[in-house]
Number of protein chains: 4
Amino acid sequence: MPDAHSGAASLRTVQQLFAATTRVQRMLDAEAALARAQAALGIIPASAAEAIEGAAKVERFDVQALLNAIPTEGNLAIPLVRALTSAVARVSAEAASFVHWGATSQDVIDTGLVLQLREALAIVLADLARADVAAAGLARRYAATPMAARTWLQQATPTTFGLKAAGWLDALLRIGDRLQEAADGVAVLQFGAASGTLAAFGSRGVALSSKLGRELDLCVPDLPWHAHRDRLGSLAGALGVACGTLGKIARDISLLSQTEVQEATEHAPGGSSAMPHKRNPVMAARALAASVRAPGLVATLLAAMPQEHERALGGWQAEWDTLPALVIATADAAEAVAEALEHLDVHPDAMNRNLELTGGLIMAEPVVLALAGHVGRSPARALVDAAVERAAGQRRPFRDVLAEDPDIARWLDRNALETLLRPESYLGAAADFVARVLAAADARRGERRRAD
Amino acid sequence: MPDAHSGAASLRTVQQLFAATTRVQRMLDAEAALARAQAALGIIPASAAEAIEGAAKVERFDVQALLNAIPTEGNLAIPLVRALTSAVARVSAEAASFVHWGATSQDVIDTGLVLQLREALAIVLADLARADVAAAGLARRYAATPMAARTWLQQATPTTFGLKAAGWLDALLRIGDRLQEAADGVAVLQFGAASGTLAAFGSRGVALSSKLGRELDLCVPDLPWHAHRDRLGSLAGALGVACGTLGKIARDISLLSQTEVQEATEHAPGGSSAMPHKRNPVMAARALAASVRAPGLVATLLAAMPQEHERALGGWQAEWDTLPALVIATADAAEAVAEALEHLDVHPDAMNRNLELTGGLIMAEPVVLALAGHVGRSPARALVDAAVERAAGQRRPFRDVLAEDPDIARWLDRNALETLLRPESYLGAAADFVARVLAAADARRGERRRAD
Amino acid sequence: MPDAHSGAASLRTVQQLFAATTRVQRMLDAEAALARAQAALGIIPASAAEAIEGAAKVERFDVQALLNAIPTEGNLAIPLVRALTSAVARVSAEAASFVHWGATSQDVIDTGLVLQLREALAIVLADLARADVAAAGLARRYAATPMAARTWLQQATPTTFGLKAAGWLDALLRIGDRLQEAADGVAVLQFGAASGTLAAFGSRGVALSSKLGRELDLCVPDLPWHAHRDRLGSLAGALGVACGTLGKIARDISLLSQTEVQEATEHAPGGSSAMPHKRNPVMAARALAASVRAPGLVATLLAAMPQEHERALGGWQAEWDTLPALVIATADAAEAVAEALEHLDVHPDAMNRNLELTGGLIMAEPVVLALAGHVGRSPARALVDAAVERAAGQRRPFRDVLAEDPDIARWLDRNALETLLRPESYLGAAADFVARVLAAADARRGERRRAD
Amino acid sequence: MPDAHSGAASLRTVQQLFAATTRVQRMLDAEAALARAQAALGIIPASAAEAIEGAAKVERFDVQALLNAIPTEGNLAIPLVRALTSAVARVSAEAASFVHWGATSQDVIDTGLVLQLREALAIVLADLARADVAAAGLARRYAATPMAARTWLQQATPTTFGLKAAGWLDALLRIGDRLQEAADGVAVLQFGAASGTLAAFGSRGVALSSKLGRELDLCVPDLPWHAHRDRLGSLAGALGVACGTLGKIARDISLLSQTEVQEATEHAPGGSSAMPHKRNPVMAARALAASVRAPGLVATLLAAMPQEHERALGGWQAEWDTLPALVIATADAAEAVAEALEHLDVHPDAMNRNLELTGGLIMAEPVVLALAGHVGRSPARALVDAAVERAAGQRRPFRDVLAEDPDIARWLDRNALETLLRPESYLGAAADFVARVLAAADARRGERRRAD
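Undergrad: Which residues make up the relation of the copies chain C and chain A, and what values do they have?
TA: Screw-axis analysis of chain C against chain A gives a translation of 0.0 Å along the axis, an RMSD of 0.1 Å, and a rotation angle of 180 degrees. On this basis, the relationship between the two copies can be described by a two-fold rotation axis. Relative to the rotation axis, the closest C-alpha in chain C is found at E260 of chain C, a distance of 3.0 Å. The residues that chain C uses at the interface reappear at the interface of chain A in 100% of cases, marking a shared surface.

Undergrad: Go over helix α4 (residues 63–73) of chain A with me, naming the residues and quoting the values.
TA: In an α-helix, one full turn covers 3.6 residues, which means residues spaced three or four apart are oriented alike. Looking only at α4 of chain A, the buried set comprises V63, L66, A69, I70 and P71 of chain A. Trailing α4 of chain A by a residue or two, G74 of chain A shows a phi angle of about 110 degrees, which is positive.

Undergrad: Talk me through the pattern of salt bridges; I want residue IDs and the actual numbers.
TA: One pass over the structure, following the stated rule, counts 136 salt bridges over all chains. For the salt bridge of K164 of chain C with D252 of chain C, the shortest nitrogen-to-oxygen distance reads 3.9 Å. One end of the pair, K164 of chain C, is in helix α8 (residues 161–186); the other, D252 of chain C, is in helix α10 (residues 230–256), with 88 residues separating them in the sequence. With relative accessibility at 1%, the residue D252 of chain C sits in the buried group. A salt bridge links E215 of chain D to R36 of chain D, with the shortest nitrogen-to-oxygen separation between them at 2.7 Å. With E215 of chain D in helix α9 (residues 205–216) and R36 of chain D in helix α2 (residues 20–40), the pair connects residues that are 179 residues apart, well separated along the chain. For E215 of chain D, a relative accessible area of 27% gives the class partly exposed. Through salt bridges with shared partners, one network takes in R36, E53, K211 and E215 of chain A.

Undergrad: Let's hear about the relation of the copies chain C and chain B: which residues, and what values?
TA: Superposing chain C onto chain B requires a rotation of 180 degrees together with a translation of 0.0 Å along the rotation axis, leaving an RMSD of 0.0 Å. Most of the interface of chain C is mirrored in chain B: 100% of its interface residues are interface residues there too.

Undergrad: I'd like to hear about the pairing of strand β1 (residues 146–151) of chain D, residue by residue, with values.
TA: All names here are of chain D. When you tally the buried positions in β1, you get six out of six residues, the bulk of the element. Strand direction decides the pairing type here: β1 and strand β2 (residues 154–160), joined by five bridges, are antiparallel. Within β2, the residue paired with M147 across the bridge is T159. Counting the residues between successive antiparallel strands, the hairpin from β1 to β2 contains two residues, one of them, W152, with a positive phi of roughly 55 degrees.

Undergrad: Account for the packing of aromatic side chains, with residues named and values stated.
TA: Describing an aromatic ring pair means giving the distance of the ring centres and the angle of the ring planes. Evaluated as defined, the whole model comprises 20 aromatic pairs over all chains. With a centroid separation of 5.9 Å and an interplanar angle of 45 degrees, the aromatic rings of F191 of chain A and F201 of chain A are classed as tilted. Of the two residues, F191 of chain A sits in the loop between α8 (161–186) and α9 (205–216) while F201 of chain A sits in the loop between α8 and α9, which places them ten residues apart along the sequence. F201 of chain A carries the same exposure label as F191 of chain A, and that label is buried. With centroids separated by 5.5 Å and ring planes inclined at 65 degrees, the aromatic side chains of F98 of chain B and W101 of chain B adopt a geometry described as edge-to-face. On the accessibility criterion, W101 of chain B (12% relative accessible area) is buried. Here a set of aromatic residues connected by ring pairs shows up, and it is made of Y142, F161 and W168 of chain A.

Cut-offs used in this document
Residues numbered from 1 in each chain as written. Chains lettered and ligands numbered in written order. Predicted model: local features only at pLDDT ≥ 70, side-chain atom pairs only at ≥ 80, totals over all residues. Heavy atoms only, no water. Least-squares fit on C-alpha atoms with pLDDT ≥ 70 in both. Contact = heavy atoms within 4.5 Å. Buried < 20%, exposed > 50% of the residue type's maximum accessible area, 1.4 Å probe, protein only. Helix = DSSP H or I, 4+ residues; strand = E, 2+ residues; numbered from the N terminus. Salt bridge = Lys/Arg side-chain N within 4 Å of Asp/Glu carboxyl O. Pairing = 2+ DSSP bridges. Phe/Tyr/Trp six-rings, centres within 6.5 Å; stacked < 30°, edge-to-face > 60°.

Pasting the structure below:
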């Protein structure tokens, strides 16, 4: 990855992994492995396997012509097997007759896909891990930095930026775990031949299957899964959830970086062709765009699942462009969020300034709670509601309005009010929550290291 | 279209219309037209417009490099405008300073898209018209050919193949009309500059806009529509509905062509790499795959609609790959259904054979109705229910079982039963319906001809 | 509608229109109309029609028991027809035998649905019209009120609140027109009997169909549309686009009403159980929630379209809960946006304050354009870029930084800069655009009035 | 479950679990548990907790009035807390002031939801387990029953019904495991108060949280998850995948039960109001309808995930009707497939009859393979292609046509051809695959038993 610093290296790599050239090569890899496995079991001659392997290089094929044949032939394997057979025949007519021996198109297409997915998901997972580390850094550094929590896009009561980052981290850990699990779940060989019985191999089907799985370092399933797509559906679900969480983080960043908020901003924003002052949160936009696209792509993959009998008519074909698009979108989002979090400019001064924007009104809840201890909750709420009304109407500091009300001042003097109105005094378990998530993240990293 | 006979010519053309090269060229077309319009109004020098137009050829640009810049710069227009400016500067430094004058990235990207859509949708509409004609031919030819109607995939009572084809035609006419309307609805200029005010042009914005619309032969909207995507959403809806109807027709064809049914089959089915006897309904699969994909793609475009203020952060970007994918899927489905219907092999003998499969049971309803006139509906239904039970249990012809029952035979003799059990005698308004739809199709074609 | 002022009257009415009770009543209305039409044509006795009509009152049925039968019987019509037959039989055994005569379950279910839709869509359209009027009022009143346009959630250059409201209005007019068209498009009778041939009526099917259409004031289609759902799909598309636009308006309102922005706020916001100061934009949330839900619901209706042969197995059934949910969501959004716009508190002072937030930086574009006339665009952009950098870094007013730069001051003196930096001076065609949209809205209202 | 034999008992129970009454009761349960936990920690008086618990019975509330308040108040908790406070106040004014103490609306709504989900998912999982057992029974019983495999809805080569059932079982096991995991994943307390800090409880927030978790037997998360919905998103994904697999099984059943195929039929099909002979696969339709609906519902839940800051504006609200609809749809599908599989009528005679439908053509592949050993694959394929063509064209038995061709007969005599054309001789690893899946199912059941 020579251009690792460009901020789009992962995306570019994943795009290439799903480009037509790589797709054809992975199918050729499956054909070559099949020939090797068959030779190892004495099903075809070793020389045939060598000839097939030698010809199975994408450079030798007209990829565009192969793609063009899909709509009339029905899939990419039919023209590819024909072309591979011709290529092998140029070396050995006998070997040519063993190309794709006993297999079916879907065996090659699905196994090729699974190989592509393995490479691509590793990259996505690595970017999620980068995002984890960055979020943990923010949670730790800003564990005690107060800022306004916002509910319904209205300032609520205070929180800390550390707690917000810990929330991101907590979710990132979960989506990483689930995506790893789903990735493991799809690293499964497809090999069943025409009807899923491996009929051409008589009693040797199971042994051949095992050998082929070892050749490709893929798990061998209990039976072929041609029309059962739940593993891919589960991967789709995990990718969709990952995009949702990445979109949530990106939405937070985009809101924090508004001109009127400016509490956290991307370090390397995008510019405008016309407006010199623009600082566009480009990384957030990448992740948000992915989170808009993912649900529809997941829906397509789920809708494609009820496939007819032993091979689908429509459902399988609908997956071909959809699953790559979903993986690419997730790679885009994961890299963008990793980039944004690693280089986030955090502005505690702006957080402070915004905390004061309401003149203290966002601290109304603790005043109610304190007062309730003296007069009961309903009367307390009524007193504070009236004070909020006056303060907002007259645009005066909340503390002054509170202090003027004898029914309040009777229980809470200026000093008590000062304390109640300090955001730092009303953070509850924020620090505990941050500590718990950081500990969990450390434990998770330990586990992952041991798993490697 | 040299390969018009291949059955995938339209698909290939539409794919090329949305390839990166065409996309960039249409954006360059928009830049060139902008310069011409500005020169015509004296906003920039005529020589600058000429220089810009001269440089606005996609062959001069490194398209892959432009694409690679999107994830970090935010969109395709920013690097393209920069590259175009450099290209123009090589001819004239002064002209270079008028490239993209007063415009914003979205003006160029959206207007380029609209130009792509216009070309692509014309091809889809032409294929829908081919499908119309083919369906009308089938409806006319087979207006009196009885076949089993199937509800819940169970044989119901008889219908005609002509009525089935008329149902396809009726729906094809509607989706064609709606898609034409939606296509007209998106042929609209995007031009508003940074904030949608055309601020750089002072009082000349409206005039410039009109001129630019004329240059590109696009409708000029009442105001720029940067963050209002309802026109594209409506197009998406029309495309989604078109795919749904095309999928319905394809589903019918795929079911009719089952080995066990064989009532209608594609004339040029696909083969199998392993099984010499296979006749795969490849055209039906193309349309069905599109109908599985379209709903998710439409959902994405609708989900992208609530765009923030004057320019979206995520929603607009989510459209870029999605709308082309949806148009391409629809083009695929429209061409595949046109191909399938134009070359459908219809087998009335198989229809007859299948009508007899239940030994007359599918004619149970008219027996109930005839009997009801004599004994009331409930007793009639009870008598026929019992006869159905016996006929099915003993696998005997329904007519024999009916004739044996004295409570039935009393009202319906062998002759009457023979008549009641003939599918041709129970087709009701089928021929009327076919005639009505064919008349409507003729009228529609007349209108369209006048509209041209 | 006694509680019209509650802000949820339309929603409640539409919910009731799709409640089980109304659903059953509309199906009973279809049965009664069928009997009347058949009696008018002499197909059944007039006395039977009277008895059927007399029994066709939902109060007489155990609606919950009917609903409970759906999962095992397959649809709501089967148990309902049985129950209706029993009810009629209690009056006249003869009449009972003419209940549902010659019809099929789907005839009654679809026709009942179409009757429900007609009522419900009229309410949605009325709320969209309310929103139109409110948006037009805002566009007119605030046509000259400057505010910051925001792209990527960053302040761009100035616009007016009137132009923003005109953008809302422009889109509202389009979604209203399209929804009216789609509503007209689904007001279509379903009547085809078991296989869509009206076989039981021999040559009288067409006449009976016409009579039944007149009874229910529904359009009579060229042929029954049991498995062709494109009309409903088009309605779904129009509803989805409506929700998208309503969500866009709601998103704008929610962003404008942020604590840190406060440029426009709902007049009757929601409160919090704990925080006295909260002013939650509840109407915006209703519309945004609908815009999140609609895409998935539309996708379901499109995915349900490829229905098998003459009656679907899964697809039709998938519509039953989905289309009502989509209409209700749209009704919710339309009413919420109408409420929000009718009572929007607009704060021009906050708009002004926010325009000054960047110390003039958002006026960088006009400075570039003015300077470009003297030094060419690239040098102008470089000079202004540097000034932006300095102003932002030193947190000083942009005008001061510009005035200090001799390469700028040489061409633009303090006076010229003052003028360039005034938002009001850089609004371009904003007022023209507002005027055009208002004129279009007036014309539309004229048309609609004439159409009534 | 008194009506367990009706085939819709689970569906009905799950519908009731998500009815408004249960929803309100679960929220009241959360309020009561909160009061108990606070009393246990001395935060509120024990007498207050008792009064609150005593009042927290849904029968005491006007549920419809509470629902009606949602659109204007923003959520169900606000009116419910108010009503609960009034109810408690009727017993004790002091206790009333401790209702919902320190909590926020979302705490109660989400925790109530989680309690509903726990009950409902247990029912879905039980039905999936029923389906497992039934599929295993079919796989075992029919492990050696040959039938035609079908790819693209065309007969391919033979398989066994046991292998088809084993494929269903294999997928059912996986969706059961994943749904169990997702169900465990959402059994998590929501408790964070206004901003997710539990600020009102000072340093006791963590302890109170733990206590509350124990009260409700829910897992206590590392931090509140108000705006992080990935757990629900993962559940949605698992439900969507479950519906996809259930839909696949149902699609197979619906295709097998076609009038023209009749290889397996539902034991208790639905009838028709008009046609005595109809045997509608109602259970298959239920599952297929769910599989059409689920993708759109999942998409909505994923689209709702990017929620703003500490509480969403639109996204959270979009979940309220959507997640229940998805769980209910899955319950519907799971029960329907369990019912269909437990009572499936399998017709090996029809399987045999259909295997002979092509006159032996579906055995073309093994003939090619056998011949290839003698003449090489390409010549073998050419010879067999020609024979297929002749047999199909002349409608003659494949064996006769093969035997007539001297280039074939030279290598394969009548006897060899007879053997090659017997479906039983070309089943490959089918029996091995069935055995493997049955062993895996046994192991899984063992594990589950140990886990209980």
